[in-house]
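Next come the chains, spelled out residue by residue.
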Amino acid sequence: MRKRKSFVITIVLVFIVGMAIYIYVQEKSDSVKPDKTPSTEKVKKTSLSVKDLFWRVDFSDKDSYITVEKIPSLAKVKISEETQKELLKAFENAKFKELKMEDSNINPDYNYIIKMFVSGYYGMFVDTSNKIIYVDDKEQNYLVVDDNGFFDILENAVKKKRVSLLPLGR
């Protein structure tokens, strides 16, 4: 009887140890597997594209336009259709990096609000001196690492055109 009891205890202990090892290996392998979500794939890239920032954006939409407002006065900048297309094309090909403000000594001083209407609405605050954009949807700052002339086109458009105040209620 004693041999039988020790045999059963041995089998149970081997089973428990086996299960513990199995669970440990499963949890370890789950933590090693890469997560294939879009957000983690973005972090692995060295730079981000506009499609990474605005995943639904489609620049082939012919009815696309852009509005620019100066901060702090919220004066609307009148920009010609041709300049709007240049701005959209330059922004479409721009490259960005996520900017973590706690890791940076840059203090953004936003001087424009840009609203893009390209297959949807996309709003952002722009700091032209530091080349930073703040994307409303993501509540995140991005450093523009390759602007394709976007900031030059923007500054030239603002210098050329007169600024008119927005009517109330808009």
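Provided above is the structure to which this section pertains.
Residues numbered from 1 in each chain as written. Predicted model: local features only at pLDDT ≥ 70, side-chain atom pairs only at ≥ 80, totals over all residues. Heavy atoms only, no water.

## A word on the overall build of the protein chain
Rules: Here a strand is any run of E in DSSP of at least two residues, a helix any run of H or I of at least four, and the numbering for each starts at the N terminus. Only protein chains enter the calculation, and the probe is 1.4 Å; a residue is then buried if its accessible area is under 20% of its type maximum, exposed if over 50%, and partly exposed in between. We call two residues in contact when some of their heavy atoms are within 4.5 Å. Using a 1.4 Å probe, the Shrake-Rupley method yields the accessible areas, and only the shown protein chains count as cover for residues.
For the protein chain, the helix and strand inventory stands at five helices and eight strands. From first element to last, N terminus to C terminus, the protein chain shows the α and β order α-α-α-β-β-α-β-β-β-β-β-α-β. For the protein chain, the residues scored as buried account for 30% of the 170 residues in total. Of the contacts made within the protein chain by residues no fewer than 6 positions apart, 65% connect residues no fewer than 24 positions apart. Within the structure as shown, the protein chain displays about 11900 Å² of accessible surface, and the carbon and sulfur contribution to it stands at 56%.

## Quick look at the packing of aromatic side chains
For clarity, the threshold we go by: Working definition: a ring pair exists when centres of Phe, Tyr or Trp rings (six-membered ring for Trp) sit within 6.5 Å. Plane angles under 30 degrees give stacked, over 60 give edge-to-face, the rest tilted.
Within the structure shown, the criterion is met by ten aromatic pairs. Note on Tyr110 and Phe125: the rings are 5.9 Å apart at their centroids and 55° apart in plane angle, and the pair reads as tilted. On the criterion of sequence distance, the pair formed by Tyr110 in the loop between β3 (95–99) and β4 (112–117) and Phe125 in strand β5 (residues 121–127) is long-range, its members being 15 residues apart. Tyr110 gets classed as partly exposed once you look at its relative accessible area, which sits at 23%. According to the relative accessible area criterion, Phe125 is partly exposed, its value standing at 25%. A connected cluster of aromatic rings, assembled from ring pairs, spans Phe54, Phe91, Phe96, Tyr122, Phe150 and Phe151.

## Some words on a nonpolar patch on the surface
Note the following rule: Two joining distances apply to patches: 9 Å for like charges and 5 Å for nonpolar side chains (Val, Leu, Ile, Met, Phe, Trp, Tyr), and every residue must have over 30% relative accessible area and no salt bridge. Salt-bridge detection follows one rule: a side-chain nitrogen of Lys or Arg within 4 Å of a carboxyl oxygen of Asp or Glu.
A grouping of Phe7, Val8, Ile11, Val12, Phe15, Ile16, Met19, Tyr22 and Ile23 is seen on the molecular surface, where their side chains present a nonpolar patch of about 900 Å² in accessible area. Along the chain, Ile23 falls in helix α1 (residues 2–32). Owing to a relative accessible area of 44%, Ile23 belongs among the partly exposed residues under this scheme.

## Details of the pattern of salt bridges
Applying the stated criterion to the full structure yields four salt bridges. Between Glu69 and Lys115 there is a salt bridge; the shortest N-O distance is 3.2 Å. In this pair, Glu69 sits in strand β1 (residues 65–70) while Lys115 sits in strand β4, placing the two residues 46 residues apart along the sequence. A relative accessible area of 8% means that Glu69 is categorised as buried.

## Quick notes on the environment of Pro108
Position of Pro108 among the secondary structure elements: in the loop between β3 and β4. According to the relative accessible area criterion, Pro108 is buried, its value standing at 17%. Sequence separation between Pro108 and Ile132 is 24 residues, and the spatial gap between their C-alpha atoms is 7.1 Å. Apart from the residues lying within four places of it in its own chain, the contact partners of Pro108 are Met101, Asp127, Asn130 and Ile132.

## Some points on the pairing of strand β7 (residues 140–146)
Our working rule: Two strands make a pair as long as DSSP finds a minimum of two bridges between them.
Where β3 lies against β7, five bridges are found, and the strand directions are antiparallel. By the bridge assignment for β7, Glu98 is matched with Tyr142. Of the strand pairs in this sheet, strand β6 (residues 132–135) and β7 are connected by four bridges, and their pairing is antiparallel. Of the residues in β7, the one forming a bridge with Ile133 is Tyr142.

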